[in-house]
Amino acid sequence: MYTFSSKLKIFSIVLIILGALGVAYGFMSSHKSLDEVKEMIAHEEAGHHGGSHDTETKAHVVAGVEDHSDNAHKANAHDALADAHSDAEAHHGDEHAEHVLHQIHNRPYAALYVAAFFFFMIALGALAFYGIQWAAQAGWSPVLFRVMEGITAYVLPGGLIVLLVAFLAGDHIFVWMNPDMVDPSSDKYDALVAGKESWLNRPWFFIRGLIFLGGWVLYRQFARKFSLAQDNADINDNRNFKKTFRISAAFLVFYIYTESMMSWDWIMSVDPHWFSTLFGWYVFASMFVSGITVIAMITMYLKSRGHLPFVNDSHLHDLAKFMFAISIFWTYLWFSQFMLIWYSNIPEEVTYFVTRFQDYQLPFLGMVAMNFVFPLLLLMNSDYKRIPWFVVMAGIVILCGHYIDVFNMIMPATVGDRWYIGIPEIGSVMLFAGLFIFVVFTALTKAPLLAKGNPFIKESEHFHY
């Protein structure tokens, strides 16, 4: 039986505490007044334009006064027009300041949601990989099943946290949750959002989320139960193995539908005016490769501590091979989605990428390098896939890249150009990283790390090529 080391437990708790402090700071620092935001905007504009605008305006006014000094009527008309123009500018300035204030208030919610979803999708991606291994009756992977089961223990708490953050954030993340957007008498009424109200409404959103999560967790619980029961069964009794095989096949059908709908609800509806038929697959590729990467990294950690002596270089090679392959698959989907939208140039579709190229160019293009170029260069060579520190280095880059991928999905619609990776974002990552480590490694202590009753366990233990 694996024992959760005191050092790792303390490390996870410290991460949770420091992360919680960072999240609290993010919320406290976002409490700005409208006057403070106006002052901040004025300071930014002064920094960008200097005093040239004021000088030109003053010169224009002086020239106008000199030209019209002989005609009182024209001067009065000019003054009235100037006042009207000044009022319009002030109104526009107030609207802009309110918009920026809303973005500043959104930031800690968005940072928390990005990190919560990122760690949840790692667990869900690992669950999908686990289900595929069972349904395919794979012979190489049973020695890794307990690691996968430990990671998937985070699906339930992680999913509930995502829904809780969504519930508490409301229209700070999901603008369609603002009731004014579907009220025809409101000045914020949006006909397109109102047309989607039968799907995008708060009760149905959370009911769907609980249905998705309930199905995933039920599969995980029964697969785990049958897997442990198989360990204690007679050597010729494979009934629990067959049960797990059947429910895994059913789960994968359920998963591929619900994962797509989840990606529409939990990610794509942040931009309710935008849509993509590839989005479900795109999110799946991101969570799948992230889940496999964490399986590989936890496996290497446990093996380095002497807990997985039955795992060999060939198992590591296969995990790294999947990391490499799904990174290529993710890139194919990213490029397909981008290229088709760019080529068709439909306004309601291209606005998604225009925003990201204008305000998020570094993280948007940087994640492509991290999720494609680095894995391609680091993991293409077959020998490198067998070197633990090399796979760990590639894994860190992949995980950082897919965090930025989720960041790019959420932030443009919530904080606009008011983004940067600071204390709220780092604190949120630390909070959920600590919670993830605590839940996963606690789950690993609940059963032996070798699924000895699996019919393919001997094949898996002697897996070499």
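Sequence positions are assigned chain by chain, starting from 1 and proceeding in written order. Reporting in this predicted model follows two pLDDT cut-offs: at least 70 for local features of residues, and 80 or more for side-chain atom pairs to be given and counted; totals over whole chains, interfaces and linings ignore these cut-offs and use all residues. Computation of side-chain values covers all heavy atoms of the structure but excludes hydrogens and water.

## A closer look at the packing of helix α12 (residues 347-359) against helix α14 (residues 388-414)
Line of reasoning, step 1. Axis definition: a line fitted to C-alpha atoms, limited for helices to the stretch in contact. Angles are taken between N-to-C directions and run from 0 to 180 degrees. Here a helix means four or more residues in a row that DSSP labels H or I, a strand means two or more in a row labelled E, and each is numbered from the N terminus. Across the interface, α12 lies against α14 with an axial gap of 10 Å and an inter-helix angle of 95°. As summarised for this structure, α12 and α14 are arranged roughly perpendicular, according to the angle between their axes. Where α12 approaches α14, its residues Tyr 352, Thr 355 and Arg 356 are matched on the opposing element by Asn 408, Met 409 and Pro 412.
Line of reasoning, step 2. Tallied by class, the residues present in the contact of α12 with α14 amount to three nonpolar, two polar and one charged. Between 65 and 115 degrees an angle is taken as roughly perpendicular, under 35 as roughly parallel, over 145 as roughly antiparallel, and anywhere else as oblique. Two residues form a contact once any of their heavy atoms are found within 4.5 Å. Classes in brief: Ala, Val, Leu, Ile, Met, Phe, Trp, Tyr, Cys and Pro nonpolar; Asp, Glu, Lys and Arg charged; the others, Gly included, polar.

## Quick notes on a nonpolar patch on the surface
Line of reasoning, step 1. On the surface, a cluster of nonpolar side chains totalling about 600 Å² of accessible area is made up of Ile 10, Ile 13, Val 14, Ile 17, Leu 18, Leu 21 and Phe 438.
Line of reasoning, step 2. For the nonpolar patch, the element with the most residues is helix α1 (residues 6-29), which contributes six residues.
Line of reasoning, step 3. Note on placement: Phe 438 falls in helix α15 (residues 423-444). Each patch is assembled from residues with relative accessible area greater than 30% and no salt bridge, linking like charges that lie within 9 Å and nonpolar side chains (Val, Leu, Ile, Met, Phe, Trp, Tyr) that lie within 5 Å. For every accessible area listed, the method is Shrake-Rupley and the probe measures 1.4 Å; residues are considered covered only by the protein chains on display. By convention in these notes, a salt bridge is any Lys or Arg side-chain nitrogen within 4 Å of a carboxyl oxygen on Asp or Glu.

## Details of the side chain of Arg 107
Line of reasoning, step 1. With respect to the helices and strands, Arg 107 occurs in helix α4 (residues 72-135).
Line of reasoning, step 2. At a separation of 2.7 Å, a polar atom in the side chain of Arg 107 contacts the side chain of Glu 425.
Line of reasoning, step 3. Aside from chain neighbours lying at most four places away, what touches Arg 107 is Met 411, Val 415, Arg 418, Tyr 420, Gly 422, Ile 423, Pro 424 and Glu 425. Definition of a polar contact: a pair of N or O atoms within 3.5 Å, with one able to donate and the other able to accept a hydrogen when the atoms are protein atoms, and with sequence-neighbouring residues admitted only if both atoms are side-chain atoms.

## A few points about the packing of aromatic side chains
Line of reasoning, step 1. Geometry of aromatic contacts follows a simple scheme: Phe, Tyr and Trp rings, the Trp one being its six-membered ring, pair when their centres are within 6.5 Å, and the pair is stacked under 30 degrees between planes, edge-to-face over 60, tilted otherwise. This model, assessed by the stated rule, comprises 51 aromatic pairs.
Line of reasoning, step 2. A ring pair is formed by Tyr 113 and Phe 174, whose centres lie 5.7 Å apart and whose planes are at 90°; its orientation type is edge-to-face. Placement of Tyr 113 in helix α4 and of Phe 174 in the loop between α6 (155-169) and α7 (191-195) is noted, with a sequence separation of 61 residues between them.
Line of reasoning, step 3. A residue is classified by how much of its surface remains accessible, and Tyr 113, at 0% relative accessible area, is buried.
Line of reasoning, step 4. Where Phe 279 meets Tyr 282, the ring centres are 6.3 Å apart and the plane angle is 35°; that geometry is what we call tilted. Note that Phe 279 and Tyr 282 are positioned in helix α10 (residues 279-304) at a spacing of three residues, about one turn of the helix. Per residue, the accessibility class of Phe 279 equals that of Tyr 282, and both read buried.
Line of reasoning, step 5. In this scheme, the term charge over a ring applies when either NZ of a lysine or CZ of an arginine sits within 6 Å of the ring centre and within 35 degrees of the ring normal. The ring of Tyr 420 has Arg 107 lying over it, and the distance from NZ or CZ to the ring centre is 3.9 Å. Accessible area is worked out with a 1.4 Å probe on protein chains only. A residue is then buried under 20% of its type maximum, exposed over 50%, and partly exposed in between.

## Here we look at a positive patch on the surface
Line of reasoning, step 1. Residues Lys 225, Lys 242, Lys 243 and Arg 246 make up a contiguous surface patch of positive charge.
Line of reasoning, step 2. Residue contributions to the positive patch peak at three residues, all from helix α9 (residues 239-266).
Line of reasoning, step 3. For Lys 242, the position within the fold is in helix α9. Positive charges are assigned to Lys and Arg, negative charges to Asp and Glu, while His and the chain termini are left out of the count. Charged side chains are reduced to one point each, which is NZ for Lys, CZ for Arg, CG for Asp and CD for Glu.

## Here's the deal with the side chain of Ser 269
Line of reasoning, step 1. Tracing the chain through its elements places Ser 269 in the loop between α9 and α10.
Line of reasoning, step 2. When residues no more than four places from it in sequence are discounted, the contact partners of Ser 269 are Phe 174, Trp 176, Leu 200 and Trp 264.

## Focus on the layout of surface pockets
Line of reasoning, step 1. Size it by volume and the largest pocket reaches roughly 1,000 Å³.
Line of reasoning, step 2. Each cavity reported here is a set of points on a 1 Å grid over the protein atoms alone in which a 1.4 Å probe fits but cannot get out, each pocket an open set with protein on both sides within 12 Å along at least five of seven lines, and each lining residue one with an atom within 4 Å of a point. Lining of the largest pocket is provided by 29 residues; of these, His 99, His 102, Val 175, Met 181 and Ala 413 occupy positions nearest its centre.
Line of reasoning, step 3. Broken down by element, the residue count for the lining of the largest pocket peaks at six residues, all from α4.
Line of reasoning, step 4. Grid points are joined across faces, edges and corners, and a volume is the space filled by probe spheres set on the points. If you add up the space inside the second largest pocket, you get close to 620 Å³.
Line of reasoning, step 5. What lines the second largest pocket is a set of 21 residues, and nearest its centre among them are Phe 119, Met 297, Leu 399, Ala 433 and Ile 437.
Line of reasoning, step 6. When residues of the lining of the second largest pocket are traced back to their parent elements, those giving at least two are α1, α4, α10, α14 and α15.

## Let's talk about unusual backbone geometry
Line of reasoning, step 1. Even without a glycine there, the phi angle at Gln 137 is positive, about 50°.
Line of reasoning, step 2. Relative to the helices and strands, Gln 137 resides in the loop between α4 and α5 (145-152).
Line of reasoning, step 3. Judged by relative accessible area, Gln 137 falls into the partly exposed class, the value being 34%.
Line of reasoning, step 4. For Asn 345, which is not a glycine, the phi torsion comes out positive at approximately 60°.
Line of reasoning, step 5. Position of Asn 345 among the secondary structure elements: in the loop between α11 (313-344) and α12.
Line of reasoning, step 6. Residue classification places Asn 345 among the exposed residues on the basis of a relative accessible area of 52%.

Any link to function would need more than the numbers given here.
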